[in-house]
Amino acid sequence: MLKYFSANWIFPVSSPPIKNGVVAVNPDGKIEEVLTKEEAGHLDLDIIVYKGAIVPGFINTHCHLELSHLLGKIPKQTGLVEFVQHIIKSRQGDIDEIKAAMYAADKKMFENGIVAVGDISNQISSKEVKEKSKIRYHTFIEAMGFNPERAGTIMDYVKGIKQDFEPLPASIVPHAPYSVSPQLFELIRDEAQKADTFISVHNQETEDENAFFENKTGGFLDLYQFLGLDISFFVPTKKTSLQTWLLHIKEQKTLLVHNTVSSKADIAFAKEHNNNLYWCLCPQANLYIENTLPDVDLLIDENVKITLGTDSLASNHQLNILSEMLTLQKHKQVAFEKLLTWATVNGAEFLALDKQLGTIEVGKTPGLNLIQLSADFKIESDKVQRLI
Ligand SMILES: [Zn+2]
């Protein structure tokens, strides 16, 4: 028995929007037909008609489910260096409370029309939630260690976590350029090559990150001091963060997360050295932590593949991709159809789920969300009604 959904607009994403179109879905959520109003008019169908626009399920390519209990606990606009210290000091907590917060966050993401998540994990705690979830998760197990001598030990440790996550899909990834030694970057790359998987890395979230690599100056020196880490071995590379670390990851499909201070020269360098990059924007987290946003126009002009992420509830009030789109519409005047591409098909492609998710096409199971748009295709609210 098929269900037929119609609305003022259907946005398949893989093809132009269809005014008053109709989507036929089977009981498993598989798209059986995508019809124009005229095509559907010739058939005697029992159609459920909505006001609004039907779009595919959203893909959240950057989240940290295991930080969900930090909602409202981390001060805003302190800058990244202080933010990281707050996270380290606050992330421990009652196990049941942490688990309950993760279940609640997962449920909210589902209600907000999110169908797949790329989720950063430092420990096994989120496994149970992910196993039971209706959302598809790919877990990025984060390796962290700036001291080159410890690279092997750290790699063994994260491989253990990856094993514990089995059979759930997971890959080992670098945390950030300032917390991963070149030796560890190379072990991660070798492992990704061996496992034929993709990776994710926090990139250029603050000017301090570039200052550290260029001149060994800036706020990260305070962070190492806080961590009690002697970094006398580190010699500045005289290059930006991205132009330093990307030399270790030339082929692997990689998601660069944040890119708040990435320049035109960085993007040119990135294109030259790895042609399999995706650029993830988490605008609400950037506003929360640094009160700034990446140069979105530059990324659009440079024609790079953009995806969206919510980051965690430590740096966001909600895990809602439509809300991230609304923020970019408001602050950067990005057109709706561009935002929708970033929020759906690009994320699905990065997570290698584009055969099933990301577009409303026959044979796929993308999930269907109803959202509200103005007559000139502006997002009117961040409320999502999940149809399937
Ligand atoms: Zn993050």
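Above this text is the structure in question.
Basis of the calculations
Residues numbered from 1 in each chain as written. Predicted model: local features only at pLDDT ≥ 70, side-chain atom pairs only at ≥ 80, totals over all residues. Heavy atoms only, no water. Pairing = 2+ DSSP bridges. Helix = DSSP H or I, 4+ residues; strand = E, 2+ residues; numbered from the N terminus. Donors = N, O, S within 2.8 Å, 3.2 Å for Na, K, Ca; no water. Tetrahedral: all angles 85-135°; square planar, octahedral: opposite > 155°, others 65-115°. Buried < 20%, exposed > 50% of the residue type's maximum accessible area, 1.4 Å probe, protein only. Phe/Tyr/Trp six-rings, centres within 6.5 Å; stacked < 30°, edge-to-face > 60°. Lys NZ or Arg CZ within 6 Å of the ring centre and 35° of its normal.

**What about the sheet that holds strand β7 (residues 53–56)?**
The strand order across the open sheet formed by 5 strands is β3-β2-β7-β16-β17, and the pairing between neighbours is mixed. Sheet topology places β3 (18–19) and β17 (385–386) at the edges, where each strand pairs with a single neighbour. Two elements, β7 and strand β16 (residues 368–371), share 4 bridges in a ladder whose sense is antiparallel. Note on β16: the bridge partner recorded for I54 is L370.

**Quick notes on the coordination of the zinc ion**
Note on the zinc ion: its protein donors are H62 (NE2), H64 (NE2), H202 (NE2) and D311 (OD). The metal-donor distances range over 2.1 to 2.7 Å. In this structure, the zinc ion is coordinated by 4 donor atoms arranged in irregular fashion, with angles at the metal of 81 to 172 degrees. If you list the donors of the zinc ion from N- to C-terminus, the spacing comes out as H-x1-H-x137-H-x108-D. On the accessibility criterion, H62 (1% relative accessible area) is buried. Residue classification places H64 among the buried residues on the basis of a relative accessible area of 9%.

**Looking at the packing of aromatic side chains**
Inspection of every chain in the model, using the stated rule, returns 19 aromatic pairs. With a centroid separation of 5.2 Å and an interplanar angle of 70 degrees, the aromatic rings of F11 and F377 are classed as edge-to-face. Of the two residues, F11 is situated in the loop between β2 (9–10) and β3 and F377 in the loop between β16 and β17; the sequence distance between them amounts to 366 residues. As far as the burial class goes, F11 and F377 line up, both buried. Pairing Y278 with F350 gives two aromatic rings, centres 5.5 Å apart and planes at 50 degrees, and the pair type is tilted. Taken together, the residues Y278 in strand β14 (residues 277–281) and F350 in helix α14 (residues 336–350) connect sequence positions 72 residues apart. In this structure F350 comes out as buried when scored by relative accessible area, which is 0%. Connected via pairs of aromatic rings, a cluster forms that spans F146, F212, F213, Y224, F233 and F234. Cation over ring: K134 sits above F110, and NZ or CZ is 4.4 Å from the ring centre. Over the face of the ring belonging to F110 we find R386, whose NZ or CZ atom lies 3.7 Å from the ring centre.

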